[in-house]
Amino acid sequence: MTFNATLDSIKTYEAGLPIELVVREYGISKDAVVKLASNENPLGASKKAIEAIIKVAQDAHFYPDDSMYALKEALAKHFNVAKDTLIIGAGSDQILEFCLHAKANHTSKVLMAKTTFAMYEIYAKAIGAEIIRTPSPTHNLEEFLDAYSLHKPAIIFLCTPNNPLGECLDAKEIFDFLRQIDSNCLVVIDGAYQEYAKAKDSNKALDPKALIHTFSNVIYTGTFSKVYGLGGMRIGYGIANPTIIQALAKLRPPFNVTTPSLAAALAALKDKAHLKKSIENNLEQMPLFENFAKEKGFKFTPSYANFIAYYFNTPINSTEIAEHLFKQGMIIRNLASYGLNAIRITIGTPKQNEKFFTLFNTYLKQK
Ligand SMILES: *Cc1c(COP(=O)(O)O)cnc(C)c1O
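Here the structure is a predicted model, which is why all the values come from computation and not from measurement. (Residues numbered from 1 in each chain as written. Predicted model: local features only at pLDDT ≥ 70, side-chain atom pairs only at ≥ 80, totals over all residues. Heavy atoms only, no water.)

A. Spatial organisation of the domain arrangement of the chain. The assigned domain composition of the chain is domain 1 (5–45 + 273–366) and domain 2 (47–271). With centres defined by C-alpha atoms, the gap from domain 1 to domain 2 works out at 24 Å. With 33 residues of domain 1 in contact, the opposing surface of domain 2 contributes 36 residues. Between domain 1 and domain 2, a total of about 2800 Å² is buried, with carbon and sulfur atoms accounting for 65% of that surface. Three residues, A45, Y304 and Y338, lead the burial of domain 1 against domain 2; their summed loss comes to 26% of the area buried on that side. The salt bridge partner of E290 is K200, with a shortest N-O separation of 4.0 Å. Viewed at the interface, domain 2 and domain 1 are joined by twelve residue pairs in polar contact (both at pLDDT 80 or more). Elements that contribute at least two residues to the side of domain 1 that touches domain 2 include exactly helix 12 (272–296) and strand 10 (307–311). With nine residues, helix 12 is the single largest residue contributor to the side of domain 1 that touches domain 2. (Domains from an automatic or database assignment. Contact = heavy atoms within 4.5 Å. Buried area = accessible area lost by both parts, 1.4 Å probe. Salt bridge = Lys/Arg side-chain N within 4 Å of Asp/Glu carboxyl O. Polar contact = N/O pair within 3.5 Å; in protein donor to acceptor, adjacent residues only side chain to side chain. Helix = DSSP H or I, 4+ residues; strand = E, 2+ residues; numbered from the N terminus.)

B. Inspection of the sheet that holds strand 10 at higher detail. Overall, antiparallel pairing links the four strands, which are arranged 9-10-13-12 in an open sheet. The outermost strands of the open sheet, each flanked by one partner alone, are strand 9 (299–300) and strand 12 (333–334). Contacting strand 9, strand 10 and strand 13 (342–346), helix 12 runs over the sheet at an angle of about 5° to strand 10. Taken strand by strand, helix 14 (residues 350–365) contacts strand 10 and strand 13, and its axis lies near 155° from that of strand 13. (Pairing = 2+ DSSP bridges. Axes fitted to C-alpha atoms, helices over the stretch in contact; angles between N-to-C directions.)

Put into C-alpha cells, the structure is as follows:
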C-alpha cells in the first residue's frame, strides 16, 4: 500500500521510554525504576486531582461535558482572560496540531529554532509544509527575524522555555519581536514550562493576557502534563484572540478531552500548595545538576525548565550513557535523535537525583 508522500520525510516521534520496558527487559522491579526522561512532575499529581479522577469514574458511561464549562471558568479566572479566548485539547500537542491545520498547507513555510520540540516538525510535515530552522540551536530572535523576512512563514513557533535545551526568552524581547511580525502570521508561543521559568526569573514571566490583548496573531499554549503532574491525562490549552480560537474550534473533534482529564485538571489548577512544592523542588535541585556538570567538565545550557541538557565530547557518547543507565533502571533522554551528543535529564526528587549522580559517576569512573 502507498501512503501520502508527506509521511516519507517524517521520523516517528521518539517518546521517553516507558518504565514497563525496563521491568520487562531487565527484571528490575517497577518501584526501583527511576524515570527522568519525559519532564513529568517527580512529586506526582496533586492528591486532589487523583481524588477527582476517582470521583468521576462512576460517570464513565456519559460523554464528557463538551463545553468544558468548569475548567474554562477556572482557566479564565487563573489567567484573567475571557472564556472565548480559550480552547482545551487532548494535550497541548493537539492545539499545536489544530494551529497547523488552521493556518498552513503544502505551500506554507513554518519557522522554528534549530533544536526544539519535535512535534512542530511532525505536524508541519504531515500537511506538507516546508520547515525553516534558525541557524542556532537555541532561540535567537534576530535569526528568527532574518528568517521571517526572507521566508514569510505562515506560522512561527517559539518554545520558551525550549524543550529539549532549556533556554528561555525574556518577555520583553518576545514583545519587541512580535511588534515586527505581520498580523497575518500566526505565532505560537509554547509555554509548557512557563511555570518553572517565571519562578526562577521574573523577566521570563509571560502574561498570556497581555500577549493576546496586544497581538491578535499570537496563541499561547500551556499544559497540565508537566508541573501539574497530569501527563497521563492528556490535557492542555491554548489562549488567543477569539478569532483564532473560533478557527481552531472548527477542527476540534467532539469530546476530545475525557471526563477524568477535565476533573483532574480543574483540581490540579486549584491545588496551589502542590504547585508551589513542585516548583520549589525544581529550584532547589537544579543547582545540583549544574554543579555536577561543572565538576565533570560537561557543557550545559542554563535551564529555566524542569530538565537540563548535558553536552559531551568524544569519547563520551550519549547513546552509550543512555543505554548504560537504562540497564540500571535509570531512564533519561538521549538527544542523539536531535543530532546532538547530549542527554536531557528531568529534575527528580532529591533521592532520584542522588541515584542519577551515583550511577553516572560510576559509569564515568569505569570509562
Ligand atoms: C510536553 C510538551 C508539550 C505538550 O505536552 P502535552 O502533554 O501534549 O500537553 C508541548 N510543548 C513542549 C515544548 C513540551 O515539552
